Amino acid sequence: MTVLATPDKTGSGFPLGFDTILDPSPLQYLDEHGALSGVLRDDAPELAPDRLLATWRAMVVGRRFDVQATTMVRQGRLAVYPSSYGQEACEIGAMLALRPTDWFFPTYRDCVSMVTRGIDPVEALTLLRGDWHCGYDPQRWRTAPQCTPLATQAPHAAGLAHAARLAGDDTVALAFCGDGGTSEGDFHEALNFAAVYQAPAIFFVQNNQYAISVPLAKQTHAAALAHKAVGYGMAGVRVDGNDVIAVQHVVGEAAARARAGGGPTLIEAVTYRMQAHTNADDASRYRNDSEVEYWKPRDPLARLEAYLKACGLLTDAVVAEADQAAEALADDLRTRLGEEPEVDHRDLFRHVYARPTPQLLEQAAGLQAELDAAELDAEAGR
Amino acid sequence: MTVLATPDKTGSGFPLGFDTILDPSPLQYLDEHGALSGVLRDDAPELAPDRLLATWRAMVVGRRFDVQATTMVRQGRLAVYPSSYGQEACEIGAMLALRPTDWFFPTYRDCVSMVTRGIDPVEALTLLRGDWHCGYDPQRWRTAPQCTPLATQAPHAAGLAHAARLAGDDTVALAFCGDGGTSEGDFHEALNFAAVYQAPAIFFVQNNQYAISVPLAKQTHAAALAHKAVGYGMAGVRVDGNDVIAVQHVVGEAAARARAGGGPTLIEAVTYRMQAHTNADDASRYRNDSEVEYWKPRDPLARLEAYLKACGLLTDAVVAEADQAAEALADDLRTRLGEEPEVDHRDLFRHVYARPTPQLLEQAAGLQAELDAAELDAEAGR
Amino acid sequence: MTATLDAAGRAAQNTEISLAQAVNRALRDAMTADEKVVVFGEDVGVLGGVFRVTDGLTRDFGEQRCFDTPLAEAGIMGTAIGMAMYGYRPVVEMQFDAFSYPAFEQIASHLAKMRNRTRGALPLPVVVRVPYGGGIGGVEHHSDSSEGYFVATPGLHVVTPATVSDAYTMLRAAIESDDPVIFMEPKRLYWSKDVLSTTGPEIGRAAIRRQGTDATLIAYGPTVSTALETAEAARAEGYDLEVVDLRSIVPFDDETVCASVRKTGRAVVIHEAAGFGGTGAEIAARVSERCFHWLEAPVRRVTGFDIPYPPPKLERHHLPSVDRILDAVASLQWEDR
Amino acid sequence: MTATLDAAGRAAQNTEISLAQAVNRALRDAMTADEKVVVFGEDVGVLGGVFRVTDGLTRDFGEQRCFDTPLAEAGIMGTAIGMAMYGYRPVVEMQFDAFSYPAFEQIASHLAKMRNRTRGALPLPVVVRVPYGGGIGGVEHHSDSSEGYFVATPGLHVVTPATVSDAYTMLRAAIESDDPVIFMEPKRLYWSKDVLSTTGPEIGRAAIRRQGTDATLIAYGPTVSTALETAEAARAEGYDLEVVDLRSIVPFDDETVCASVRKTGRAVVIHEAAGFGGTGAEIAARVSERCFHWLEAPVRRVTGFDIPYPPPKLERHHLPSVDRILDAVASLQWEDR
Ligand SMILES: Cc1ncc(C[n+]2csc(CCOP(=O)(O)OP(=O)(O)O)c2C)c(N)n1
Ligand SMILES: Cc1ncc(C[n+]2csc(CCOP(=O)(O)OP(=O)(O)O)c2C)c(N)n1
Ligand SMILES: [Mg+2]
Ligand SMILES: [Mg+2]
């Protein structure tokens with residue numbers, strides 16, 4: 001079967017190949033209890049034991065990262081941390097379905113994706129630590145700097161995908177976006193551009209039900225965010241965002257279609273933001289614990305674990321190795337985030353332009369003189 | 001029957017009352033030959049002889065206005081004129097389906113609507129004449145100033161509709177927009193706001209197939225612009241924009257639903273821009289005459305005329321009266337646009353703020369002194 | 001300005017409140033005084049805003065008067081314009097300065113121009129609240145000083161309070177204004193506290209915050225307190241500095257500013273935004289022009305560098321500091337003394 | 001700048017071409033020289049742009065190199081950023097000045113900052129062509145001078161040619177730049193003609209367009225020719241005026257400007273944009289500061305009024321005119337002569 005089914009309503013007049021699912025119930029393969037549901041072919045790559053174990057391991061490590069970052073923001077080691085606890089199936093499933101040559105465009109919430117991609121966890125936290133705006137080399141990791149102005153990364157992904165296609169490469173660009181971000185004009189313009197150019201782009205909306213305090217019902221009147229695909233004539237799919245098998249599957253299909261010239265896809269992954277918006281937020285002001293309780297048993301990691309256990313894949317050795325890797329990462333974070341990094345004030349002026357303007361040279365010299373004088377004062381004990 | 005039919009695909013999971021037509025073929029009641037097609041109830045208000053004749057008369061007058069304005073721009077009496085020749089079914093049908101208490105938001109192309117509403121034709125041309133940015137009193141005519149930055153009027157309509165609803169009034173707000181304008185972020189944001197607030201707004205897209213030189217196929221990959229309604233969970237309909245009966249009908253239904261608290265509607269009216277974008281444009285650079293020829297027999301006025309003739313409604317007296325009214329309007333335009341209007345330079349400073357700032361008072365005094373000096377010089381024969 | 005405090009307000013007049021609370025109280029009192037005043041934006045409803053400025057408004061005035069919007073700033077601004085056209089007086093919040101940029105077209109092409117376009121027929125009594133400036137350790141895009149963009153857009157009033165009392169009285173006046181007002185709130189001062197007084201100057205006027213004879217420090221919003229600190233520190237170095245708090249940038253109070261500079265003969269302009277093309281350029285240019293024969297030294301500017309706002313760990317180098325202002329004062333050619 | 005003309009270009013070097021044609025030729029030559037250069041925007045394809053600046057590019061280079069976009073400026077700018085991240089050198093057109101406003105967030109929050117955010121790893125070699133200024137009888141929103149918004153945004157280069165030759169050489173240099181360049185094209189001058197020469201100064205430098213001894217007129221883009229006319233007219237009144245064409249606003253050529261003003265001792269700054277908070281404020285402020293001891297009179301500004309751009313019938317009152325500039329020159333305190 002094909003997951004992105006042509007709507008069963010034939011004669012609706014959609015152009016051929018149009019395969020947005022109008023049924024708003026999300027696609028799911030692994031149910032809340034960790035049992036396979038739906039109709040996924042046995043040879044689907046997502047079901048290969050190696051892949052399943054790699055996925056599970058990435059989720060164990062990703063979650064440990066998130067928990068550690070949350071701890072460290074409480075200790076004042078990060079300026080702010082927006083947790084993706086509970087969204088790991090999205091964060092990790094999407095990443096594992098891409099190739100290293102594909103680009104992706106994370107938001108502030110997507111550190112776990114970045115770590116999954118291979119970026120040094122400390123570099124992944126540079127922005128949130130307050131050291132610099134981006135800590136890793138975007139070209140090396142084919143990962144754009146984390147984006148804060150909502151949905152503004154979506155047109156970048158459309159443009160990069162279009163460029164890749166013009167260049168004859170089979171690169172795909174995936175942009176993450178929140179449910180709130182879908183309301184921005186840039187989201188609309190990006191999807192439209194990508195559709196018109198049939199660019200190999202994937203717009204992956206993590207619908208975690210909230211934009212800070214604003215619930216989805218105040219964000220849209222549509223039955224599903226995936227329905228927006230209809231208006232762009234692009235493929236759209238709604239997937240259970242806590243089912244890492246389904247997420248990998250739809251991203252994989254979307255990427256394959258994009259590479260084959262089939263154009264962009266809008267994916268809405270239905271998930272839940274288990275923590276407050278960031279450590280600075282107080283979620284009790286706008287939502288009930290009971291809502292959070294409802295989502296706890298729907299945990300993406302527990303679900304996968306249950307399945308793997310049932311399959312007998314989770315051997316003690318496998319579990320021990322993953323736990324060890326996770327703890328090593330946490331230890332490393334603790335140590336390295338504990339150090340006070342050197343942030344060079346000269347960086348202020350270095351990268352504004354390829355060649356600093358005369359004005360900037362003046363200003364840099366002024367600051368240097370100020371700091372030198374202060375140092376002299378300090379030395380003189382003043 | 002109800003025109004905005006619930007999609008016949010039951011079980012698609014749409015919320016109740018969701019009635020976007022997914023079939024992209026436009027709704028039509030009056031075919032190209034002026035024969036009634038489709039299933040419109042005999043007692044539909046649009047079919048009442050009085051209404052039919054009033055509509056026809058407005059179209060005769062509206063077209064005459066447009067032709068006269070086109071002539072006068074060639075004579076240099078207007079700075080620019082974007083013709084709506086061939087789009088009269090939209091311009092006029094939409095207006096006649098509204099109440100005078102409803103607001104509407106025209107673009108630069110919608111002078112014919114404004115004249116239909118009752119605005120003095122010369123005041124309707126103030127912007128395009130270059131005298132001032134808006135010539136009529138928007139409050140009196142419940143007509144926003146013509147909007148040039150594309151789609152920016154759409155959120156105003158959403159806001160005004162929301163305000164009317166909060167105030168407990170049954171006012172509806174209708175915003176015109178072009179096919180090109182639907183690509184702007186503001187269009188998206190406006191529809192989403194209106195849907196979330198269930199505001200009594202109508203977004204009426206005149207899909208005249210071009211945005212200056214850019215054809216619809218480069219504007220969207222969707223089968224229909226009306227499909228965008230799906231993504232907002234709002235009603236959407238695609239209508240033959242050269243069928244003034246159908247246009248009135250769908251606008252009437254949308255207005256009725258809006259008044260009843262049923263929320264906004266997106267209407268896509270399929271029509272054609274018979275003239276160049278404006279007099280300054282050279283359409284031969286980007287489209288073939290054959291395309292224009294294809295649309296000529298689909299003329300909205302001829303079509304209605306054929307129908308009325310077949311019904312025996314177009315008596316000589318009726319025709320004579322309409323012709324006379326149209327010629328009177330043209331004469332009046334010729335005369336009054338021929339005069340050089342007084343444009344008071346003091347207006348430059350008068351309406352920037354309720355109370356001019358000290359800075360503006362200084363500047364106004366400076367200009368006045370300059371002009372006075374120039375006048376003295378002129379008098380002195382210098 | 002005729003703002004009156006309600007009973008609760010009067011009772012509270014002797015207790016200190018924060019600047020954020022002063023803004024909240026102004027909103028409350030304006031909503032009570034005029035039912036056409038509505039407040040909306042992202043998270044301003046149940047949450048009460050990310051800075052708690054709109055705390056309790058939805059609870060006390062209902063969802064129709066204070067409501068959350070979808071996440072779209074152009075939509076917020078456009079909706080506000082439409083509502084104002086229908087007789088409402090919207091007060092909208094841009095959650096952080098840089099997040100007003102998506103609304104820029106609505107602001108520049110409509111909000112600023114509607115009265116003018118319609119020869120006064122469609123005034124837009126809209127207040128746009130923009131928390132601005134740095135110094136709170138915010139990550140990128142959370143510390144911009146965007147006032148310059150608005151200042152350069154005719155048709156807008158641009159004001160910014162630096163005190164608890166001004167936050168209250170100026171916001172009341174802004175809401176009562178029949179013109180759009182960009183109300184820039186120095187977010188760094190949200191937690192500063194003071195007793196509320198409603199006897200301040202009119203909204204368009206500057207205030208002399210400290211009298212002095214040697215030089216004039218011209219500041220607004222978040223840099224007013226830095227200027228005052230500098231004036232204190234300068235006493236030790238033998239300078240008696242006057243501090244002008246502009247309060248309103250558009251309109252500009254030439255009278256007060258020029259009187260001060262003509263008295264002292266020297267001026268330093270201070271703001272957080274980048275210097276090049278910033279608001280300080282206008283101030284320096286007009287002071288230089290209007291006080292030409294009174295100036296003993298060129299007007300100096302102490303501003304943010306011409307760089308994107310830096311990350312938290314570096315912002316202390318970027319922001320105008322007491323030391324940097326003192327250096328500028330010292331450079332004002334005192335050879336004649 | 002090492003721009004070279006192709007054979008056809010060389011042959012044409014002795015014939016006059018319009019400024020629009022010079023821009024067209026620069027695009028062509030850049031596209032020929034580097035296949036990563038792509039041109040896109042609204043109506044730039046088959047139509048060749050509403051000003052015919054991109055005439056024939058799609059025909060000659062194909063749809064992949066010059067293409068129409070959907071009608072959405074943030075989309076255009078965002079797409080350009082994404083393409084630049086992948087190694088392209090996009091040159092995009094904003095159809096008219098005021099229609100760059102929807103792209104403002106992309107410009108301010110990304111285009112200007114990407115190099116900085118990524119410590120140089122993601123430079124954005126994007127050129128944004130913005131036809132700007134008035135004087136062509138355009139209805140509202142078609143005559144804005146928006147340079148000030150960009151000038152106040154660190155990370156952008158902002159340049160504007162005033163001659164046919166500069167239009168060519170500066171655009172070639174802008175496309176070769178590894179940084180984003182806002183290329184402001186004075187639309188009023190699109191039809192002005194001259195013989196093309198490629199021996200002008202570097203892109204960041206100002207040019208002395210006329211030598212003079214009494215006062216310096218500082219202009220850019222559309223007001224350079226007005227300044228030159230004024231200088232001619234001023235001869236009759238006994239003033240020998242120097243005219244500086246800035247060419248580049250960011251970076252700013254302090255050296256050339258200050259040398260001129262120090263020589264003449266007087267300066268008038270001229271631009272079409274509203275005066276308050278406009279680019280002229282920066283110029284006047286820095287000239288006043290840096291040339292303080294050389295100035296015989298305050299620096300004057302002749303600019304558009306602080307109003308929304310007026311309708312065609314009134315624009316002549318708004319735009320800096322020879323008479324108004326002469327008045328400003330006359331006010332430069334010549335008592336000492
Ligand atoms: C343009 C813009 N407006 C406002 C904000 C402030 N803001 C930061 S996160 C956020 C909510 C985002 O919600 P959503 O898109 O659902 O993503 P989530 O945080 O849930 O991952 C808001 C309003 C912003 N970053 N950018
Ligand atoms: C924001 C903005 N961008 C660009 C333009 C320039 N422009 C004016 S009309 C037009 C085409 C509009 O096409 P469409 O929306 O289909 O309306 P039509 O002219 O066909 O009625 C363009 C690009 C504009 N007015 N506003
Ligand atoms: Mg969310
Ligand atoms: Mg069109």
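Our structure is the block above this text.
Cut-offs used in this document
- Residues numbered from 1 in each chain as written.
- Chains lettered and ligands numbered in written order.
- Predicted model: local features only at pLDDT ≥ 70, side-chain atom pairs only at ≥ 80, totals over all residues.
- Heavy atoms only, no water.
- Phe/Tyr/Trp six-rings, centres within 6.5 Å; stacked < 30°, edge-to-face > 60°.
- Helix = DSSP H or I, 4+ residues; strand = E, 2+ residues; numbered from the N terminus.
- Lys NZ or Arg CZ within 6 Å of the ring centre and 35° of its normal.
- Least-squares fit on C-alpha atoms with pLDDT ≥ 70 in both.
- Contact = heavy atoms within 4.5 Å.
- Salt bridge = Lys/Arg side-chain N within 4 Å of Asp/Glu carboxyl O.
- Buried < 20%, exposed > 50% of the residue type's maximum accessible area, 1.4 Å probe, protein only.
- Pairing = 2+ DSSP bridges.
- Axes fitted to C-alpha atoms, helices over the stretch in contact; angles between N-to-C directions.
- Buried area = accessible area lost by both parts, 1.4 Å probe.
- Polar contact = N/O pair within 3.5 Å; in protein donor to acceptor, adjacent residues only side chain to side chain.
- Donors = N, O, S within 2.8 Å, 3.2 Å for Na, K, Ca; no water.
- Near = heavy atom within 4 Å.
- Areas by Shrake-Rupley, 256 points an atom, 1.4 Å probe, with all protein chains shown as cover.

### Overview of the packing of aromatic side chains
- Inspection of the entire model under this criterion finds 46 aromatic pairs over all chains.
- Each ring, one from Phe176(A) and one from Phe204(A), has its centre 5.3 Å from the other, and the planes form 85°; the classification is edge-to-face. Within this pair, whereas Phe176(A) is found in strand β2 (residues 173-178), its partner Phe204(A) is found in strand β3 (residues 201-207), the two being separated by 28 residues in sequence.
- Here the aromatic residues Tyr101(C), Phe104(C), Tyr149(C), Tyr101(D), Phe104(D) and Tyr149(D) are joined through ring pairs into a cluster of three or more.
- Sitting above the plane of the Trp334(C) ring, Arg266(C) keeps its charged end 3.9 Å from the centroid.
- Stacked on the ring of Trp294(D), the Lys or Arg Arg262(D) has its end atom at 4.3 Å from the ring centre.

### Notes on the relation of the copies chain A and chain B
- Once chain A has been moved 0.0 Å along the axis and rotated by 180°, it coincides with chain B to within an RMSD of 0.0 Å. Such a combination of turn and shift is consistent with a two-fold rotation axis. Across chain A, the rotation axis passes nearest the C-alpha of Gly185(A), at a separation of 1.7 Å.
- Interface residue correspondence from chain A to chain B reaches 100%, placing this contact among same-surface, isologous pairings.

### Describing the pattern of salt bridges
All names here are of chain C.
- Per the stated rule, a full pass over the model turns up 104 salt bridges over all chains.
- A salt bridge links Asp240 to Arg210; its shortest N-O distance comes to 3.3 Å. Of this pair, Asp240 sits in the loop between α9 (223-236) and β11 (241-245) while Arg210 sits in strand β9 (residues 207-210), and the two are 30 residues apart along the sequence.
- By relative accessible area, Asp240 is classed as partly exposed at 28%.

### Some words on the sheet that holds strand β10 (residues 215-219) of chain C
All names here are of chain C.
- Reading across the sheet, the five strands line up as β9-β11-β10-β13-β14 and stay open at both edges, with mixed pairing between neighbours. Each of the sheet's edge strands pairs with one partner strand only, and the pair in question is β9 and β14 (300-304). Looking at each pair of strands side by side, their axes are set apart by 25° on average, direction ignored.
- Note that β10 and β11 share five bridges and pair parallel.

### Re the interface of chain A and chain D
- On the chain D side, the residues contacting the 42 residues of chain A number 43 residues.
- Of the roughly 3,600 Å² buried between chain A and chain D on both sides combined, carbon and sulfur atoms contribute 59%.
- It is His156(A), Phe193(A) and Tyr353(A) in chain A that bury the most area against chain D; as a group they hold 18% of the surface buried on that side.
- Our enumeration of links across chain A and chain D arrives at two salt bridges.
- Our enumeration of links across chain A and chain D arrives at 22 residue pairs in polar contact (both at pLDDT 80 or more).
- For the side of chain A that touches chain D, the element with the most residues is helix α7 (residues 153-167) of chain A, which contributes nine residues.

### A closer look at the interface of chain A and chain B
- Taken together, the 32 residues of chain A in the interface contact 32 residues of chain B.
- Buried surface at the junction of chain A and chain B, both sides included, amounts to about 2,500 Å², of which 58% is carbon and sulfur.
- Across the chain A-chain B interface, the total number found is zero salt bridges.

### Here we look at the coordination of the magnesium ion (ligand 4)
All names here are of chain B.
- Distances from the magnesium ion (ligand 4) to its protein donors, namely Asp179 (OD), Asn208 (OD1) and Tyr210 (O), fall within the range 2.0 Å.
- Within one chain, the residues serving as donors to the magnesium ion (ligand 4) are arranged as D-x28-N-x1-Y. In this pair, Asp179 is assigned in the loop between β2 (173-178) and α8 (185-196) and Asn208 in the loop between β3 (201-207) and β4 (210-211), connecting sequence segments 29 residues apart. Comparing Asp179 with Asn208 shows no difference in burial state: the two are buried.

### Concerning the site of ligand 2
- Near ligand 2 lie 21 residues; those nearest to it are Tyr108(B), Arg109(B), Asp179(B), Gly180(B) and Glu73(D).
- Thr148(B) is positioned such that a nitrogen or oxygen atom in its backbone is 2.9 Å from a nitrogen atom of ligand 2.
- In this structure, a nitrogen atom belonging to ligand 2 sits 2.5 Å away from a side-chain N or O atom of Glu73(D).
- Coverage of ligand 2 by the protein chains reaches 96% of its 580 Å² of free accessible surface.

### A look at the coordination of the magnesium ion (ligand 3)
Residues and elements named next belong to chain A.
- Every protein donor of the magnesium ion (ligand 3) is listed here as Asp179 (OD), Asn208 (OD1) and Tyr210 (O), and their distances to the metal cover 2.0 Å.
- Considered as a linear motif, the donors of the magnesium ion (ligand 3) on their single chain read D-x28-N-x1-Y. With respect to burial, Asn208 and Tyr210 carry one shared label: buried.

### With respect to the site of ligand 1
- With respect to spatial proximity, 21 residues lie near ligand 1, and among them Tyr108(A), Arg109(A), Asp179(A), Gly180(A) and Glu73(C) are the closest.
- Near ligand 1, residues from chains A, C and D are present, making the site a shared one.
- Within the backbone of Gly181(A), one N or O atom sits 2.9 Å away from an oxygen atom of ligand 1.
- A distance of 2.9 Å is found between an oxygen atom of ligand 1 and a backbone nitrogen or oxygen belonging to Tyr210(A).
- The fraction of the free accessible surface of ligand 1 (590 Å²) that becomes covered by protein chains is 96%.

### Regarding the pairing of strand β2 (residues 37-41) of chain C
Residue and element names in this part refer to chain C.
- Within β2, five of the five residues are buried, which leaves the element mostly enclosed by the surrounding structure.
- The alternating pattern of β2 places Val37, Val39 and Gly41 and Val38 and Phe40 on opposite faces, both of which are buried.
- Summarising the sheet, β2 and strand β4 (residues 89-93) pair through five bridges and their orientation is parallel. Paired with Val37 across the strands is Arg89, a residue of β4.

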